[in-house]
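Single-letter residue listing:
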Amino acid sequence: MADRLTQLQDIVNQQADNFCNSIGILQQCALPSKFSNFDRNGSQTPQQQEDYTSLFSSLITRCAKDIDVLIESLPNDDTSTDLQVASLRRLEQENQLAAERLEEVVRKGEFLLEQIQAALSDIAQQQLDIQQSGDNHNG
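Fair warning: this is a prediction, and the values are worked out from it, not measured in the lab. (Residues numbered from 1 in each chain as written. Predicted model: local features only at pLDDT ≥ 70, side-chain atom pairs only at ≥ 80, totals over all residues. Heavy atoms only, no water.)

Here we look at the overall build of the chain
Turning to step 1, where the next piece is worked out: If you tally the helices and strands in the chain, you get 3 helices and 0 strands.
Turning to step 2, where the next piece is worked out: In the chain, the succession of α and β elements from N to C terminus is α-α-α.
Turning to step 3, where the next piece is worked out: Here the chain holds 139 residues, and 9% of them are scored as buried.
Turning to step 4, where the next piece is worked out: A separation of at least 24 residues holds for 82% of the contacts in the chain among residues at least 6 apart in sequence. (Helix = DSSP H or I, 4+ residues; strand = E, 2+ residues; numbered from the N terminus. Buried < 20%, exposed > 50% of the residue type's maximum accessible area, 1.4 Å probe, protein only. Contact = heavy atoms within 4.5 Å.)

As for helix α2 (residues 52-73)
Note on helix geometry: an α-helix contains 3.6 residues per turn, so any two residues three or four positions apart are oriented the same way.
Turning to step 1, where the next piece is worked out: The first and last C-alpha atoms of α2 sit 32 Å apart over 22 residues, in line with the 32 Å expected at 1.5 Å per residue.
Turning to step 2, where the next piece is worked out: For α2, the full list of buried residues reads Phe-56, Ile-60, Cys-63, Ile-67 and Leu-70. End-on, the buried residues of α2 take up no more than an arc of 90 degrees, which puts them together on one face. Among the exposed residues of α2, those oriented more than 90 degrees off its buried face are Lys-65, Val-69 and Glu-72. (Expected span 1.5 Å × (residues − 1). Arc of directions from axis to C-beta.)

Brief notes about the nonpolar core
Turning to step 1, where the next piece is worked out: Ranked by size, the top nonpolar core spans 5 residues in total: Leu-8, Ile-11, Cys-63, Ile-67 and Leu-70.
Turning to step 2, where the next piece is worked out: If you list the elements that add at least two residues to this core, you get α1 (2-29) and α2.
Turning to step 3, where the next piece is worked out: For this core, the element with the highest residue contribution is α2, accounting for 3 residues.
Turning to step 4, where the next piece is worked out: Excluding anything up to four places from it in sequence, Ile-11 contacts Cys-63, Asp-66, Ile-67 and Leu-70. (Core = buried A, V, L, I, M, F, W, Y, C linked by side-chain atoms within 4.5 Å.)

Take a look at the structure:
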């Protein structure tokens, strides 16, 4: 979506450029107005004018259509909310299953730890017994 937003920002900036340029051309090509009590010396001949009206109207129209297309391609808020809620529910279910598996693994680990501790205790006791019986035979 970020790419579409960037495209939308770029085309809105382009549209702003089109508006500014069209106003600049209007100012450049406009004939001077005559004011009463104001005598202006200089050329009153109109400048050579191309068909800027058609050019800028087509640029502005095309740009406006591109903006509409990009806006329509953005996701709808309602759809996004519904998708997010469904996604969160699915994630909650997956998390619950993972938590149950983790609890089972912890239970098995604790059971194995108890068995290992009992075995180590038996080994330690056997070593003490062997050491004490060896001391009794030697002494």
